[in-house]
Amino acid sequence: MLDIITTQWHPLLNGLWNTILCSLIALVGSLIIGTFFALLEISKYRIVRLIGSIYVEVFRNIPLLVIAMGFFLIVPMYITKISGFAAGTIGLTLYTSAFIAETVRAGINSVEGGQLEGALANGLTHAQAMRYIILPQAFRVVIPPLGNQFINLVKNSSVLAFVAGFDLMYEGNLIANDTLQTMPTYFIVGVLYLIITLPLSYYMRHLEKKLA
Amino acid sequence: MQNFIDAYSWINIRFLLQGLGITIEISVASIICSFIIGTLLGIIRYAKIKYLSAIVGFIIDLIRNLPLLLIIFFTYFGLPNIGVKPEIIPAAIMALTVFESSMVAEIVRSGINSIDYGQTEGALANGLTKWQALRLVVLPQAIKNMLPALVSQFISLVKDTSLATIIVLPELMYHAQIIYGQNTNYIIPMFVALAVLYFIVCYSLSLLARYLDKHLA
Amino acid sequence: MIEFHDVQKYYGKFHALKDINLTINAGETVVLIGPSGSGKSSLIRTINGLDPIRDGQLIVNGFDLADKKTNVNLIRKDVGMVFQHFNLYNNKNVLENIMLAPRVVLKRPEKENRELAMQLLEKVGLADKADNMPAQLSGGQKQRIAIARSLAMKPKCLLFDEPTSALDPEMIDDVLNVMKDIAENSNMTMLVVTHEMGFARDVADRVIFMADGRIVEDDSTEKFFGDQPTTQRARDFMSKISGH
Amino acid sequence: MIEFHDVQKYYGKFHALKDINLTINAGETVVLIGPSGSGKSSLIRTINGLDPIRDGQLIVNGFDLADKKTNVNLIRKDVGMVFQHFNLYNNKNVLENIMLAPRVVLKRPEKENRELAMQLLEKVGLADKADNMPAQLSGGQKQRIAIARSLAMKPKCLLFDEPTSALDPEMIDDVLNVMKDIAENSNMTMLVVTHEMGFARDVADRVIFMADGRIVEDDSTEKFFGDQPTTQRARDFMSKISGH
Amino acid sequence: SSVAKQDVLKVDQKNKQITWGVKADTRLFGLENIRTGKLEGFEIDLAKAMTKEILGPNGKAVFVPVTSSTRVPLLKNGNIDAIMATMTITPGREKQVDFTKSYFDAGQSLLVKKGSPIKNIQDLNKPGKVILGVSGSNSVKNVAKYAPKARVLQLSDYAQAMTALKSKQGDALTTDNGILYGMASENPGYEVVGGNFTKEPYGIAVNKNQAPFRNKLNWALERLEKNGTYNRLLLKWFGNVKGFNYQEMKR
Ligand SMILES: Nc1ncnc2c1ncn2[C@@H]1O[C@H](COP(=O)(O)OP(=O)(O)OP(=O)(O)O)[C@@H](O)[C@H]1O
Ligand SMILES: Nc1ncnc2c1ncn2[C@@H]1O[C@H](COP(=O)(O)OP(=O)(O)OP(=O)(O)O)[C@@H](O)[C@H]1O
Ligand SMILES: [Mg+2]
Ligand SMILES: [Mg+2]
């Protein structure tokens, strides 16, 4: 096991970096897109709500691997060249955004109706009430579930391994195949994932307690 | 287009559906196991039993924070080191159960916490013990509250079964790979078929959840 | 100021307000009472367009609320509302609660906005709580902040929906005193749903009694409390709530 | 029946109950009043062990609550409690709410259990609601069901924590009447936190006034309402809440 | 573990069966027939023949499908006795497992779109060139040697790599020529170029310290080569592959 670390630290670190990078990009992207579709889902207009829920249902009911493969293999045939990292990250972003939309929507619904009414009666428009009062409170409520989504996102970034995205799992697979020391390699890979996700999940639990 | 027509020959579709059968079989088994085990673990965490809750919590955290792919590896290849040598299907069910139970445990814990503590106090003051209050009053309400989260988790579980192709579990994804192993031109038709089949299964699950949500009210 | 003409309101099939005819003049203070479910909240909430009406005409401050083209935001600028459960913005401190709407709706300059907010805090006796979050206040304090928040918009009219019924008894007077002050020392039009009969007797110009979605009595305060109410319904109700 | 000897209670560092000494005899009806935060709920909740005490001795029905070895479940069988927010089991209908504890705790035979439950529903005037879910009841109805649920355990003692302060005014009497009936027509020991002075005057044997975690007054009802309360604190408080 | 101490040959002879780890998704070598559910391919036939050779006519070959990720752990855990799954003999791998002598001498080549400027491996040795391969195969390691300036993308299976080539994710696809010719025949717009630039000898992998078993496998292989069975299987599976010179591979 030690020899894997001493001889393979370079690809491992490279993989770790790509995993972190992909996760961060996908996090920001899926937060924005997810919030957008959450707002569509609670719109007054039926047709807008329908668009929102079709998006969410499609992306959350298809395996991430299929989505990422779609971007990697099909998009370049018809639209534009795209690297495995980019294809995987986009796929992960869209996939996660569907879950985030659901989470944010639940958060908005959990803010008591009185807050919206108070703001409306105070003269704010619906949009202003959303922006200044409802969304800030909704986000506070959804921080713990969002944290869990983020942890899932980090783990799901291992889909990059299937589209040659040079992430941690990809490098791990290569090392395992190369050295044939499968278990030790995946053990190290597991520890590296835990280094990202464990602190995150403890921080989330801490936040959850603080906000409760 | 010809590729699609060839790829969707009846014999291929039948083979895909066989894979789907295994996917569903594994999913159902894992859902049942992880619901039972996850609920128990969630209750243990909620109950704050000395040492036990902390230990269970630590293990749950460890498992929750690892990619499922690694859990599958560790279950299938690690268990033989302690003398258990599971077949592929039991191994896949075990791995999924281990992973999903830890997710379910968290859902159960926060589901119980979401029930107004007044319900517990009412039951205690009424003479029920802590466990009776939990079992008869709090848990039934919590389960209704957790239903959406549980269903999302089980939808993930169904999709996650595809990761077990890595240990050559003959489920849907693996069967698709075998089909496009015959002819590389079948790959895109197969991915389209995968998207449709998984969507149908997962979406039916969320419809079921919506139905239950309405009728349990 | 406020005119109801044959207003009908439904929740789905449920007929919540029936044939409402009512005029409230500028500067009047009107108290609205009636049993639970009689439609008091429904009535008051139609006035600033929180709930829509089905039929009839409802003119508030010159705007017709029955008309779909009316911009309710324009009405709400001039019609403040105070709720039973305060509905302070939980994510903002006291000062921000008061200053938000004038800033984003009226675009009032920041300095002027802050000065007015501090004056209002002074008026409701809570100048020292300017930096507190709502969660750090008692119910009575929250409600006084909610009143200050409404006043900051300089409305022509204030609606109160059971402003004291979620309060501990010893905090009720603080809130009622603020309301009395507004009623007596400004030209505000006020419509108050409350069971505080002492308050009604002291400051109301008129008392309206509702039951089953209808206005059953509409008397001057002297008449309502001096003689007894005209209808049996109102008399029964009064005897039930007296003392609580 | 209930004896406090130098009881101290803390929430973390906060000293919530200070030097409580109090004896309540079997069959007595005692009303407990005091400003918000004075410790009334804390005191009442220690009696059936919902909140633990730090120091002193608390003997309820012969059991010592300060002793960790005491099985609180045995105490709770004989000490019922009614909460401000009812805390009915949301997942069970009215009849099941009443029958659950006797069935699983006392193992009362099903037939007898149902008969008693129906009798109690009759007594609180809600026999027709047996199959309703709690969500389908008004506040006053919920509270009467909560009382019936407590009575079904045939307790020796009943604790009430502001049973009417979450209710609409016209529903308060229904609940108070049920409570009066119990106080007058049974040998129940009752400890009631309430601001309903009419109720206190009519049925209480004693009135206890608390402030800042201490018992400040402990008078007979005649003394408390007849002369004025002894302390200035209590007099101030009484003048503030009178009329609401 | 206990597996290491057992003499696999003795156990297998007693049970009258050998458990082989084989490919189930690779055409020509080991692919599941979806009509029958049986595995088919050169390696499957060869493994069957070797089993009979070693255990006699009643000997049974049991097949366990493996992937490049699972084959070695399965071997080490004793789930399988031997790996025959297009596994190239390399010095690095010999540290972990023992190989028999080669049973198939594949050569590594390139698949490109017809008309591509790329004619051989040297054309790929430039910055910006991307070579596609399948993860876990030895061929991708070789490319790194022959074309160090190119970038290598490793995908999970041949079909994905082929599709990635079609969607221009790479300039060429490299792997063993037998597989490349198979893919070229399905995709008329593509051709194999540059000849074989390495030898890829496939070996059967067994656990360390199983010399008797390995020797027996070598012995069986030689017997099959001598009695013509080997050539017959070669003809059966590679005789019809366009562009593939099976004559050269005869033993
Ligand atoms: N959103 C709603 N959907 C359906 N019915 C409603 C809704 N809001 C109120 N109602 C019904 O309309 C009737 C009038 O309700 P409203 O809240 O106006 O009464 P109220 O006089 O304010 O009562 P309270 O004193 O309890 O506040 C009631 O029967 C109530 O159940
Ligand atoms: N769980 C708790 N943790 C910390 N402090 C608490 C807790 N419960 C009550 N307190 C504090 O203890 C004091 C007494 O509270 P208690 O609820 O007994 O008052 P009360 O007299 O019942 O008031 P009210 O009339 O508002 O119900 C208060 O200052 C309160 O803030
Ligand atoms: Mg109302
Ligand atoms: Mg209290």
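Residues numbered from 1 in each chain as written. Chains lettered and ligands numbered in written order. Predicted model: local features only at pLDDT ≥ 70, side-chain atom pairs only at ≥ 80, totals over all residues. Heavy atoms only, no water.

1. A few points about the sheet that holds strand β10 (residues 214-220) of chain C
Residue and element names in this part refer to chain C. Here we have six strands laid out as an open sheet, ordered β6-β7-β8-β3-β9-β10, and mixed in their pairing. At either margin of the open sheet sits one strand with a lone partner, and together these are β6 (79-82) and β10. Direction aside, the axes of adjacent strands within the sheet are offset by 15° on average. Where β6 and strand β7 (residues 157-161) come together, four bridges link them in parallel fashion. Each residue of the ladder has a partner; that of V79, found in β7, is C157. Along the sheet face, helix α5 (residues 139-151) touches β6 and β7 and points at about 175° away from the line of β6. Here helix α9 (residues 232-241) sits on the sheet in contact with β3 (29-33), β9 (206-211) and β10, set at roughly 100° to β9. (Pairing = 2+ DSSP bridges. Helix = DSSP H or I, 4+ residues; strand = E, 2+ residues; numbered from the N terminus. Axes fitted to C-alpha atoms, helices over the stretch in contact; angles between N-to-C directions. Contact = heavy atoms within 4.5 Å.)

2. A few points about the site of ligand 1
Close to ligand 1 lie Y11(C), F14(C), P35(C), S36(C), G37(C), S38(C), G39(C), K40(C), S41(C), S42(C), E162(C) and D168(D). Around ligand 1, the nearby residues trace back to chains C and D. In this structure, an oxygen atom belonging to ligand 1 sits 2.8 Å away from a main-chain N or O atom of G37(C). A total of 640 Å² of accessible area belongs to ligand 1 in isolation, and the protein chains cover 60% of it. (Near = heavy atom within 4 Å. Polar contact = N/O pair within 3.5 Å; in protein donor to acceptor, adjacent residues only side chain to side chain. Areas by Shrake-Rupley, 256 points an atom, 1.4 Å probe, with all protein chains shown as cover.)

3. Points about the environment of G115(E)
Tracing the chain through its elements places G115(E) in the loop between β8 (104-113) and β9 (130-134). Considered as a pair, G115(E) and I83(E) are 32 residues apart in the sequence and their alpha carbons are 39 Å apart.

4. A short note on a nonpolar patch on the surface
Residues and elements named next belong to chain A. Taken together, the side chains of M1, L2, I5, W9, L13, F187, V191 and I195 present a nonpolar region at the surface, about 810 Å² in accessible area. Among the secondary structure elements, those contributing two or more residues to the nonpolar patch are α1 (2-41) and α8 (182-211). With four residues, the top contributor of residues to the nonpolar patch is α1. Mapped onto the fold, I5 is located in helix α1. (Patch = residues over 30% accessible without salt bridge, like charges linked within 9 Å, V, L, I, M, F, W, Y side chains within 5 Å. Salt bridge = Lys/Arg side-chain N within 4 Å of Asp/Glu carboxyl O.)

5. A few points about the nonpolar core
Residues L124(A), W20(E), F42(E), L46(E), M50(E), F104(E) and F238(E) are the most contacted members of the largest nonpolar core, which totals 202 residues. Sort the elements by how many residues they give to this core and helix α6 (residues 126-156) of chain A lands first, with 13 residues. Residues contacting M50(E), with those up to four places away along its chain left out, are W20(E), M84(E), I204(E), L217(E), A220(E), L221(E) and L224(E). (Core = buried A, V, L, I, M, F, W, Y, C linked by side-chain atoms within 4.5 Å. Buried < 20%, exposed > 50% of the residue type's maximum accessible area, 1.4 Å probe, protein only.)

6. Overview of the arrangement of the chains
Pairwise contact counts over the six pairs of chains in contact peak for chains A and B. The two units chain B and chain C remain apart, with a minimum C-alpha distance of 19 Å. With respect to C-alpha atoms, chain D approaches chain E no nearer than 50 Å, and the pair has no contact.

7. A closer look at the sheet that holds strand β8 (residues 189-193) of chain D
All names here are of chain D. With respect to topology, six strands assemble into an open sheet ordered β6-β7-β8-β3-β9-β10, the strand pairing being mixed. The sheet is open, and its two edges are formed by β6 (79-82) and β10 (214-220), each paired on a single side. The mean inter-strand angle of the sheet, taken between neighbouring strand axes irrespective of direction, is 15°. Pairing geometry for strand β9 (residues 206-211) and β10, over six bridges, is antiparallel. Within β10, the position partnered with I208 by the bridge is D218. The sheet strands contacting helix α9 (residues 232-241) are β3 (29-33), β9 and β10, and the helix crosses β9 at an angle near 100°.

8. Observations concerning the interface of chain E and chain A
Across the contact, 25 residues belong to chain E and 20 residues belong to chain A. Contact between chain E and chain A buries roughly 1900 Å² in total, counting both sides, with carbon and sulfur atoms accounting for 57%. Per-residue buried area on chain E facing chain A is highest for Q154(E), S167(E) and Q169(E); these three make up 26% of the total on that side. There are one salt bridge connecting chain E and chain A. Viewed at the interface, chain A and chain E are joined by six residue pairs in polar contact (both at pLDDT 80 or more). (Buried area = accessible area lost by both parts, 1.4 Å probe.)

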